[in-house]
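Structural characterization, general
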Amino acid sequence: PCGKNDVCDEKCESMSVPTTRILIIHLEALGAVLRSTALLAPIKRKFQNAHITWVTLKPADQLLLQNPFIDRIVTYEAGNLLALMALEFDVTFCIDKSMQATGLASHIQTEILYGFQLDRRSGSIVPATPFANELWSLGLSDQKKFFENQKAETQLTCEALELGPFQRDGYVLQLSDVERSESSARRQMWSQNAKIVIGLNTGCSNVISYKKLSVKAHRDLIQKIQARNSDFEIVLLGGKEDSHRNREIADGLGVVQSATEHGLRDGMVSLNACDIIVSGDSLGMHLGIALKKWTVAWFGPTCSQEIDLFDRGVKVMSDAPCSPCWKRVCEKSTMCYDLVDLEKIYSGILLGQKGIVNLNDQKDFNHSNGLYR
């Protein structure tokens, strides 16, 4: 028995037998997986008594732990996938546009597939239903993706999966009681005299490594903040791969270096201890959004309009004339991250400090999408 009763039978008031079994296939990247938790509420609205299984790659499973909408998390491993293929599902949502994800979807016993599927003959990835055409077509045209599309990825995906009218549902990320308590303890330790804690997320994945500021830019931003405002305590955030870089950034500046060696969940605890998050378009930004922090996000190689900050932050655009580009390799001598105006990032931090946006004082701020240009 689950613990709510000693016997699992129809006499238990908590007994719930699902009428619909749903499979979500979203393997990577970490930030994208977290963003897709915004789809869970509309899925539950459409399929009210559904059992939801989510298959993903490690360590993305850590982002889904304790999620109240998810009944079963399956990691992408041989034994697990064999068991998965023995099951039957009423509905499968394949969100990734990848061979790995669509290949798995082609082996799942399901009544209907939404999202994307694999064309077995050509090996290409195509829409599973006509509703996914809009999202799919953005991958075929830079003009559409970079300039014409103005929808957030959460809306595009919700529409592609035919989940009903878009209601701008937020991300769903659940911390345990122990984790929340530890966050409170860290914030108390880091903040002195009731200071606001600013978390600088200094890293990003290696897929597009230009989504992080340089060491020098981080140091310049820290010195700008410290010189102007004594109400802020600055904490460096990041993963194991950012440990050495964070030490370089912190050298002689009197900032807090959060632990980076203890895994993804511990990093979430540290981020949750902060009041304001400053980040490039990376997992740190998505965690800030999910944990409802005021988030100052800067964009260079990627598309700002695809990200919804849910009115809790601002976007700062690089002044690079070639932005966005989504290129994984760039040989320009001046990079897009070199052309991010740190003054605008600082102004975004001050807006978070105030807690409200004063349109009269911030004439360059577009309140409808939280965008600085």
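This report concerns the structure included in the present document. These figures come from a predicted structure and were not determined experimentally.

1. Points about unusual backbone geometry
In the segment running from E28 into A29, the intervening peptide bond is cis, with an omega of -10°. With phi around 60°, D311 is a residue other than glycine that occupies positive phi space. Within the secondary structure, D311 sits in the loop between β11 (294-299) and β12 (313-317). Positioned with a positive phi, W326 is a non-glycine residue whose angle comes to about 60°. On the secondary structure map, W326 appears in the loop between β12 and α13 (342-354). The class for W326 is partly exposed, based on a relative accessible area of 32%.

2. Here we look at the sheet that holds strand β3 (residues 72-75)
The strand order across the open sheet formed by six strands is β3-β2-β1-β4-β5-β6, and the pairing between neighbours is mixed. Of all the strands in the sheet, the pair left with one neighbour each is β3 and β6 (125-127). Between one strand axis and the next, the sheet turns by 30° as a mean value, whatever way the strands run.

3. A few points about the pairing of β12
Every regular strand shows the same layout, with side chains that alternate between the two sheet faces. Of all five residues in β12, five are buried; the element is thus mostly enclosed. Neither face of β12 is left uncovered, since the one carrying G313, K315 and M317 and the one carrying V314 and V316 both have all their residues buried. As paired elements, β11 and β12 share five bridges and run parallel to each other. Bridge pairing links W298 to V316 in β12.

4. Concerning the pattern of salt bridges
Scanning the model with the defined rule gives 15 salt bridges in all. The closest approach of N and O atoms between D177 and R180, which form a salt bridge, is 2.2 Å. In this pair, D177 and R180 are both assigned in helix α8 (residues 177-190), three residues apart and thus about one turn of the helix distant. Looking at D177, the relative accessible area reads 57%, which means it is exposed. For K224, the salt bridge identified is with E343, shortest N-O distance 3.2 Å. With a gap of 119 residues between them, K224 in helix α9 (residues 215-228) and E343 in helix α13 connect regions that are remote in the sequence.

5. Concerning the nonpolar core
Proteins that are soluble and globular tend to have nonpolar side chains buried together. In terms of nonpolar packing, the biggest core is built from 29 residues, with L34 and L287 touching the most fellow members. Top contributing element to this core by residue count: helix α12 (residues 283-290), with five residues. With near-sequence residues (within four places) excluded, L34 lies in contact with L63, Y171, V172, L173, L283, H286, L287 and A290.

6. A closer look at the pairing of strand β1 (residues 20-25)
Among the six residues that make up β1, five are buried, leaving the element largely enclosed by the rest of the structure. Taken together, the six bridges between β1 and strand β2 (residues 50-56) define a ladder with parallel strand orientation. Bridging from a neighbouring strand, T20 pairs with A50 of β2. Pairing between β1 and strand β4 (residues 88-94): four bridges, direction parallel. By the bridge assignment, L23 is partnered in β4 with T92.

7. With respect to the side chain of N201
Tracing the backbone through its elements, the reader meets N201 in strand β7 (residues 196-201). For N201, a relative accessible area of 11% gives the class buried. Among the polar contacts listed, one links the side chain of N201 to the backbone oxygen of G203, at a separation of 3.4 Å. In this structure the side chain of N201 is engaged in a polar contact, spanning 3.0 Å, whose partner is the side chain of S279. When sequence neighbours within four positions are dropped, the list of residues in contact with N201 reads H218, L237, G238, V278, S279, S282, G284 and M285.

What counts and what doesn't
Residues numbered from 1 in each chain as written. Predicted model: local features only at pLDDT ≥ 70, side-chain atom pairs only at ≥ 80, totals over all residues. Heavy atoms only, no water. Helix = DSSP H or I, 4+ residues; strand = E, 2+ residues; numbered from the N terminus. Buried < 20%, exposed > 50% of the residue type's maximum accessible area, 1.4 Å probe, protein only. Pairing = 2+ DSSP bridges. Axes fitted to C-alpha atoms, helices over the stretch in contact; angles between N-to-C directions. Salt bridge = Lys/Arg side-chain N within 4 Å of Asp/Glu carboxyl O. Core = buried A, V, L, I, M, F, W, Y, C linked by side-chain atoms within 4.5 Å. Contact = heavy atoms within 4.5 Å. Polar contact = N/O pair within 3.5 Å; in protein donor to acceptor, adjacent residues only side chain to side chain.

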